[in-house]
Amino acid sequence: LLFFCFLLGGFALKSPEGVSELVRKSTWTKNGCRYLNNDLLAIPHGHSCEEFPKLATRHEGQLRFGKDADIEFAPTDFDFSSEDFDYSQCSPFSKFKVFVPPVSHPLAKALAQHPAATSSPNDACIEIKFTDGAKPLYSRSRNNSNLLVVNLNPLSAVEATGPVMIAQARFAPGKFRAGLDFSLYPSVAAFDVNEWKQRPSILPTKRKMFAAYLCESEEPTRLVNKSSAIHRISCTEKQCVIDLSIVSFCILSPSPLFQAHLLLALHSGCIPVVMSLSQPLPFQDQLDWKLAALRFPHNSIGQARQVLASMPKEDILEMRRRATIFRRRMDNAEALARSLLAAVAERMQLQLPTVDMTPTKPVFEAYETNNTYEMETKGEKYKRIASPFNHHRYTSHRLYANDRWNSGRDLTFTPRTLHDVYDLPSEAEYYDDSEIVRTAGSRNPKAFARGLGINREPEQFTVLLMTFQRDEGVKEIIQKLNNCPHLNKILVVWNNVGRDPPGAWPKIHIPVE
């Protein structure tokens, strides 16, 4: 009884930072069974509570440090199984690291060569295990291991219990877990630099065949519907009996070869028409498939035919263009590895590595500015603004992730800077926390007109000079830019292969590189 009262009353703890806290305990009742923070306390006579499994207590635990010491999560029946990864393996601002064991497979090799791969499983935030669908699914090599199981056999389906991510082509009905799994086709070849030559253009709009239904049967190609010109085409895992580049729309239904047929359609510039609302699509949490494919319920082929026949040329071409971008996310081992690890990093809410900054060697080692900017005579010193690197490193895979995925930008690294960040409202400059300085159009920012709606923080510009066999002309331009307001630096691209610039650049108020 004393122990029970002790639990209900709470007890004091001391955090490493010296912050005192109180861990509160509470009892609650579920269907007549008494629980203490999801731990079963007592079973009333004539009742059984075995059908109510205990939830992991960490999901209703306390935030124990600082000002949040007294926060307590309420009991819940929600299934947190997809959130049971150990997020403490890497801090939010650390780099995403993954351990990839050596396996002789194009995708496995590409994953091992990714910049986020590490040779030490103890340093990794997540560990990859490979399976062919026949061998044991996985084994944990260390405590609290976060596992990503990649099934390299596209014709088999594996299942896992607990917080284990699965990446494979097939899933048993109802077994795809949206918070954990990835649906993709793993049997892709290594990157081929000449592969682009084999891909058809998005033009012309009208192709020889209107629509084709891709099936696995060995039946000869035949017409499914004369009025809509939908043909039934037999396709294996790697190819179809006809070239799909002559087909405008490829109709796909859920099947063991769905992912393979989807990739065949994307390779041929054939717009996918998925006859299922529940079939998982590759990286569906990241790629907006509404831009590149059409989806219909499985029994609405008549409705689908009418929609396809009414689509204007502009929409057809735009969907083919988007499909080309989506294909490049998954049509070779290197691209698929980049996409998979980028998606996993986003799910883990971690950053991919950034590109190493490698400084170039200046032509003139001892170049200095002349420090003669005219504003110094007015008591104001000219200040160069540093480039805003890493300002959006955390939101780049959150707020801006959708734009990066669907516009075809590289997913290998976390970008150091984003050039299309959202603007502040035009009235933001009038608030005390604004760092906006009106500089455009005037040497004196205070004199600049107040009505132009400047809504950016201080900006400066860089002059880029391309030069070939015009040494004196470049020097004259540099000299004329002396004391130019809002100028940050000048970059000279020296295209005279085989000789260095004669003498040093003119000294002005900013660096010349």
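Residues numbered from 1 in each chain as written. Predicted model: local features only at pLDDT ≥ 70, side-chain atom pairs only at ≥ 80, totals over all residues. Heavy atoms only, no water.

**Some details on the overall build of the chain**
When its secondary structure is counted, the chain shows 8 helices and 21 strands. Buried residues in the chain amount to 42% of all 513 residues. Sequence-distant contacts, at least 24 apart, represent 55% of the contacts inside the chain between residues at least 6 apart. (Helix = DSSP H or I, 4+ residues; strand = E, 2+ residues; numbered from the N terminus. Buried < 20%, exposed > 50% of the residue type's maximum accessible area, 1.4 Å probe, protein only. Contact = heavy atoms within 4.5 Å.)

**Here we look at the confidence of the model for the chain**
Taken as a whole, the chain shows an average pLDDT of 78; of its residues, 70% reach a score of 70 or greater. Taking the mean pLDDT of every element in the chain, the minimum, 30, falls on strand β2 (residues 20-23) and the maximum, 97, on strand β18 (residues 271-274). Scored below 50 in pLDDT, residues 35-45 makes 40 contacts in the model with residues more than four places away or belonging to other chains. Every residue in residues 49-69 is under pLDDT 50, and counting partners more than four places away or in other chains gives 52 contacts. (pLDDT = per-residue confidence, 0-100.)

**So, the state of the cysteines**
For the coordinates displayed, the defined rule picks out 2 disulfides. For Cys235, the disulfide goes to Cys240, at an S-S distance of 1.9 Å. Here Cys235 and Cys240 share a disulfide; its torsion about the S-S bond, 105°, makes the bridge right-handed. Across this residue pair, the class does not change: Cys235 and Cys240 are buried. Cys250 shares a disulfide with Cys270; S-S distance 2.1 Å. Judged by the torsion about the S-S bond (120°), the Cys250/Cys270 disulfide is right-handed. (Disulfide = S-S within 2.5 Å.)

**A look at the nonpolar core**
By size, the foremost hydrophobic cluster in this structure holds 67 residues, and its most contacted members are Phe96 and Leu340. Setting aside chain neighbours within four positions, we find Leu340 in contact with Leu111, Leu148, Val150, Ala167, Phe182, Leu184 and Phe283. Grouped together as the second largest cluster of nonpolar side chains are 14 residues, Ala211, Ile271, Ala304 and Met319 included. (Core = buried A, V, L, I, M, F, W, Y, C linked by side-chain atoms within 4.5 Å.)

**Some remarks on the packing of aromatic side chains**
In this structure the tally under the stated criterion is 7 aromatic pairs. Summarising the aromatic geometry, the rings of Phe283 and Trp405 are spaced 5.7 Å apart at their centres and angled 40° between planes, so their arrangement reads as tilted. Placement of Phe283 in the loop between β18 and β19 (294-295) and of Trp405 in helix α7 (residues 401-406) is noted, with a sequence separation of 122 residues between them. Members of the aromatic cluster, connected to one another through ring pairs, are Phe182, Phe283 and Trp405. (Phe/Tyr/Trp six-rings, centres within 6.5 Å; stacked < 30°, edge-to-face > 60°.)

**Quick notes on the side chain of Ser396**
Along the chain, Ser396 falls in the loop between α6 (333-348) and α7. Among the polar contacts made by the side chain of Ser396, one reaches the main-chain carbonyl oxygen of Arg393 at a distance of 3.0 Å. Those residues in contact with Ser396 that sit more than four places away from it in its chain are Ala401, Arg404, Thr414, Pro415 and Leu418. (Polar contact = N/O pair within 3.5 Å; in protein donor to acceptor, adjacent residues only side chain to side chain.)

**Observations concerning unusual backbone geometry**
For the peptide bond that leads from Leu203 to Pro204, omega is 0°, which places it in the cis range. Positive phi, close to 60°, is recorded for Gln349, a residue that is not glycine. Among the structural elements, Gln349 can be located in the loop between α6 and α7. For Gln349, a relative accessible area of 35% translates into the label partly exposed. Here Asn483, not a glycine, exhibits a phi torsion of approximately 70°, which is positive. Relative to the elements of secondary structure, Asn483 occurs in the loop between α8 (471-480) and β21 (487-494). Take Asn483: its relative accessible area is 9%, and that puts it in the buried class.

**A short note on the pairing of strand β11 (residues 147-151)**
Along β11, 5 of the 5 residues are buried, which leaves the element largely enclosed by surrounding structure. Because side chains alternate across β11, one face comprises the buried residues Leu147, Val149 and Asn151, and the other comprises Leu148 and Val150, equally buried. Pairing geometry for strand β10 (residues 126-131) and β11, over 5 bridges, is parallel. By the bridge assignment for β11, Thr131 is matched with Asn151. Sheet topology note: the β11/strand β12 (residues 164-168) ladder contains 4 bridges and is parallel. Looking at the pairing, Val149 lines up with Ile166 of β12. (Pairing = 2+ DSSP bridges.)

**Observations regarding the sheet that holds strand β8 (residues 98-99)**
Sheet strands pair via backbone hydrogen bonds, and the direction of the pair is either parallel or antiparallel. Spatially, 6 strands are ordered β9-β8-β10-β11-β12-β13 in an open sheet, and the strand pairing comes out parallel. Looking at which strands have only one partner, the edges of the open sheet turn out to be β9 (117-118) and β13 (182-183).

**So, helix α3 (residues 258-267)**
The element α3 is largely enclosed, with a buried count of 10 among its 10 residues. Among the residues of α3, Phe258, Gln259, Ala260, His261, Leu262, Leu263, Leu264, Ala265, Leu266 and His267 are the ones counted as buried. Structurally, α3 contributes buried residues whose contacts are with β13, β14 (209-215), β17 (247-252), β18 and α5 (313-327). Downstream of α3 by one or two residues, Gly269 has phi in the positive range, about 70°.

**Looking at the side chain of His114**
Considering the arrangement of structural elements, one finds His114 in the loop between α2 (106-112) and β9. In contact with His114, other than residues within four places in its own chain, are Ala337, Arg338, Leu341, Leu352 and Thr412.

**Brief notes about the pattern of salt bridges**
Should their charged atoms come close, side chains of opposite charge can pair. For the structure on display, the rule yields 13 salt bridges. The salt bridge involving Lys290 is made with Asp288; its shortest N-O contact spans 3.0 Å. When its relative accessible area of 68% is taken as the criterion, Lys290 is described as exposed. Linked by salt bridges that have partners in common, Glu195, Arg199, Arg327 and Asp331 make up one network. (Salt bridge = Lys/Arg side-chain N within 4 Å of Asp/Glu carboxyl O.)

**Structural notes on the pairing of β12**
Counting buried residues in β12 gives 5 out of 5 residues, a clear majority hidden from the surface. Side chains Val164, Ile166 and Gln168 project from β12 onto one buried face, and the interleaved Met165 and Ala167 project onto a second face that is buried too.

**Focus: the environment of Met319**
You can see Met319 is positioned in helix α5. Spatially, the C-alpha atom of Met319 lies 5.9 Å from that of Leu291, the residues being 28 residues apart in sequence. For Met319, the residues in contact, after removing those within four places along its chain, are Ile271, Lys290, Leu291, Ala292, Ala293, Leu294 and Met311.

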